[in-house]
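# Tertiary structure, described
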Amino acid sequence: MEILGLSLAMVVLFVGFGLLIGVLFGFFGMGGSFLVTPALLVMGYPTRVAVGSGLAFVFGTSVIATLKHRDMGQVDYKLGVLMIAGTTAGIEAGKEIVLHLETLGLAGSIISVTYVVLLGGIGAFVTYEALRGGDGGEGIDHDAAEGDVDADDIPDIAKKIQSYRIPPMISLRGGVSVSLWMILGVAFVTGLLSGFLGVGGGFIRMPALFYLIGVPVPIAVGTDLFEIVFSGGLGSFLYALDGGVDLSIVLPLLAGSAFGARVGSAATSIVDEDEIKVYFGLMLLGGALAVAVREIGNVYGIDALNTVSLVLILGSALLVSGAVVYSSITALREERQSSSPA
């Protein structure tokens, strides 16, 4: 039996994968195509299709998750618009690099190596920060989305960057003031990565908004998702013009993520993000390992390593999605117990 040109088993796989990623995407403002794109590459899809379909999936999922964060007041529209301005130029530059590398036959290998370096580096950093208790960001309250953030909650790196008063300065939600040029710089770099890697850029942008700019985590997540609506939409449109979007892949993924994104977004208001940072860091490391294993398999002609790579990707998503859901259920249970009469 075939649906959308795919076997029933593949449709079920994509729907389930979309559900897991939707939870991650809604909770972290990231976790979408940086898992989807390498998974599609492992499955043997062409680089252009893997990247373009990943961006199309990100666009659909980010719309769902952003609406939920908007309802909770966790979107800074001023910051989002500035990020969009810088990201737009970056996406086009990244796309042109991919198309050029494809003509040279180097796109797949270079994108894979970049994935390993970025995912591994950021994963190691996030895991290290989580295990050591964070860099001035421990115990950030999700309620900070409604008012000024405590100075003690701002990472030391962000405090240093905010101390450089290069005009014009922009006031952001949470009482944060930062140079316009820093915002545009972060936006361009993440946009470049979006177009080059086929990712929403969230796995770099959300940590950058918090660790570099000092935006409270709930606002960083919601604003990141708002920006991804536009970067993902633009990126998928540009790739679609070149035949790089396969709807038979995107639609089943979106069907699964529609529910998962709502669950993940709701979880940001009841779960302390410090409880889950270590799992997110490990997920990034798992993604980096998966891509590295696949590349080794390609170089030495070991087909079994492609299967191992896919299992690592799916396992990483399952691990962290499960941790988010478990933490949400635990937090709700504790809240009910504390509010119930003795």
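Residues numbered from 1 in each chain as written. Predicted model: local features only at pLDDT ≥ 70, side-chain atom pairs only at ≥ 80, totals over all residues. Heavy atoms only, no water.

## Overview of the overall build of the protein chain
- Check the secondary structure of the protein chain and you find 12 helices and 4 strands.
- Looking at the protein chain as a whole, 56% of its 342 residues qualify as buried.
- Considering only residue pairs separated by 6 or more positions, the protein chain has 79% of its internal contacts joining residues 24 or more positions apart.
- Accessible area of the protein chain: about 13600 Å², with a carbon and sulfur share of 67%. (Helix = DSSP H or I, 4+ residues; strand = E, 2+ residues; numbered from the N terminus. Buried < 20%, exposed > 50% of the residue type's maximum accessible area, 1.4 Å probe, protein only. Contact = heavy atoms within 4.5 Å. Areas by Shrake-Rupley, 256 points an atom, 1.4 Å probe, with all protein chains shown as cover.)

## What about the environment of Ile 249?
- Inspection of the secondary structure puts Ile 249 in helix H10 (residues 247–267).
- Through-space distance from the C-alpha of Ile 249 to that of Ser 53 is 7.0 Å; in sequence the pair is 196 residues apart.
- The residues contacting Ile 249, other than those within four sequence positions of it, are Phe 14, Leu 40, Tyr 45, Val 49 and Ser 53.

## As for the environment of Lys 159
- By the element assignment, Lys 159 lies in helix H6 (residues 156–162).
- Between the C-alpha atoms of Lys 159 and Tyr 211, which are 52 residues apart in sequence, the distance is 9.1 Å.

## Description of the pairing of strand S4 (residues 176–179)
- By the alternation rule, side chains of S4 split into Val 176 and Val 178 and Ser 177 and Ser 179, which are all buried.
- Where strand S3 (residues 169–172) and S4 come together, 4 bridges link them in antiparallel fashion. The residue bridging Ser 171 from the neighbouring strand is Ser 177, located in S4. (Pairing = 2+ DSSP bridges.)

## A few points about the packing of aromatic side chains
- The tally for this structure, following the rule as stated, stands at 1 aromatic pair.
- Relative to Phe 226, the ring of Tyr 77 has its centre 5.2 Å away and its plane inclined at 85°; by these criteria the two rings are edge-to-face. Highlighted residues: Tyr 77 in helix H4 (residues 77–104) and Phe 226 in helix H9 (residues 217–241), separated in sequence by 149 residues.
- The class for Tyr 77 is partly exposed, based on a relative accessible area of 41%.
- Look at Phe 226 and you get buried, because its relative accessible area is 13%. (Phe/Tyr/Trp six-rings, centres within 6.5 Å; stacked < 30°, edge-to-face > 60°.)

## Let's talk about the layout of surface pockets
- Volume-wise, the largest pocket comes out at about 200 Å³.
- Lining of the largest pocket is provided by 12 residues; of these, Ile 122, Ile 204, Pro 207, Ala 208 and Leu 212 occupy positions nearest its centre.
- Elements supplying a minimum of two residues to the lining of the largest pocket: helix H5 (107–131), helix H7 (180–197) and helix H8 (202–213).
- The biggest single contributor to the lining of the largest pocket is H8, with 6 residues. (1 Å grid on protein atoms, 1.4 Å probe; cavity = no way out; pocket = protein on both sides within 12 Å on 5 of 7 lines; lining within 4 Å. Points joined across faces, edges and corners; volume = space filled by probe spheres on them.)

## Section: a nonpolar patch on the surface
- Where nonpolar side chains cluster on the molecular surface, the patch consists of Tyr 279, Leu 282, Leu 285 and Leu 319 and spans about 320 Å² of accessible area.
- Sort the elements by how many residues they give to the nonpolar patch and helix H11 (residues 277–300) lands first, with 3 residues.
- Inspection of the secondary structure puts Tyr 279 in helix H11. (Patch = residues over 30% accessible without salt bridge, like charges linked within 9 Å, V, L, I, M, F, W, Y side chains within 5 Å. Salt bridge = Lys/Arg side-chain N within 4 Å of Asp/Glu carboxyl O.)

## Some points on the UniProt feature "transmembrane region" (unreviewed entry) in the protein chain
- Taking the UniProt record as the reference, the feature "transmembrane region" (unreviewed entry) is found at residues 7–29, 49–67, 104–128, 178–197, 209–229, 249–271, 278–296 and 308–329.
- Helix makes up 83% of residues 249–271 and strand 0%. Its end C-alpha atoms lie 32 Å apart.
- Between the end C-alpha atoms of residues 308–329 there is a gap of 31 Å, over a span that is 100% helix and 0% strand. (UniProt positions renumbered as here; feature names shortened; annotations may be inferred.)

## Structural notes on the side chain of Lys 95
- Inspection of the secondary structure puts Lys 95 in helix H4.
- Filtering out sequence-adjacent residues up to four positions away, Lys 95 remains in contact with Gly 195, Phe 196, Leu 238, Tyr 239 and Asp 242.

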